[in-house]
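If you want the building blocks of each chain, they are given just below.
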Amino acid sequence: MPRPQLILTMYGNKIIDQSDNAILHKSLWKTAAKTVTWILDNGEASGIAKNAGEAIKLFHEAHGVGKICGLAISPWRKIPAKKQLRSESYIGLYPARYRPGLANCDSQYNLDTRHTHYMFIDTNEENESASEIKFRGILEKHLVHWPQKETARSTGVFAHSSRQNSDRIPICGLLSGGDEQLLPVIHHTFVQNQIPFLVIDVSCLLKNDFDSTLEDWRRYLLTA
């Protein structure tokens, strides 16, 4: 995957409506025509990840692959029919072929097959959602500081960089739907990773808790 010039990190389980979806497509296409863009989400075949998958597919059909990378980050235990995704080595499976299967429980979900890359988290006996949230926060933090050039000490996404903030990769979050379990993600992303968010729909969230999260972010801005 090429080093991104822009990162869009998407959270939420609600599919955005037709008008907002059209705006998303138009904005994404305009941006990706000039900028290597990564989209991060949970890869679920519903919610805003489904909107992202559709936008990725249509862009690739019109302009070819390479400028948009859709990275789905999902707990391994939440994926049905995952046997077909098993790799014989640590380097992963390429190309990966996935056919949706029958979920064994309500917590499982099928993947949107229009993303370009998938990263699965082995959560062991831990809470899958909490592990996914924690990992995504760490990954986002490191991605924005991915150095433009490899250093002698280390390479890749987690390389140490002595460069200034001018090398920071722009990142923006999109939120559409969710529940109270999503609030820690918003708080962590806002305050710890300093990522601006576009809130599309929070009708499913508890208003008092969401207002509290926004107040934490406001206090952070005043003290930063």
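Residues numbered from 1 in each chain as written. Predicted model: local features only at pLDDT ≥ 70, side-chain atom pairs only at ≥ 80, totals over all residues. Heavy atoms only, no water.

### Thoughts on unusual backbone geometry
Link 1 in the chain: Even without being glycine, Gln194 reaches a positive phi, approximately 55°.
Link 2 in the chain: By the secondary structure assignment, Gln194 is in the loop between α4 (183-192) and β6 (197-201). (Helix = DSSP H or I, 4+ residues; strand = E, 2+ residues; numbered from the N terminus.)

### Side note on the pairing of strand β1 (residues 6-11)
Link 1 in the chain: Of all 6 residues in β1, 6 are buried, a share of seventy percent or more.
Link 2 in the chain: What you see with β1 is no split at all: Leu6, Leu8 and Met10 on one side and Ile7, Thr9 and Tyr11 on the other are buried throughout.
Link 3 in the chain: Here β1 pairs with strand β2 (residues 37-41) via 4 bridges, running parallel. Residue Thr9 lies in a different strand from β2, and its bridge partner there is Leu40.
Link 4 in the chain: Two elements, β1 and strand β5 (residues 171-176), share 5 bridges in a ladder whose sense is parallel. Residue pairing for β5: Leu8 is matched across the bridge by Cys172. (Buried < 20%, exposed > 50% of the residue type's maximum accessible area, 1.4 Å probe, protein only. Pairing = 2+ DSSP bridges.)

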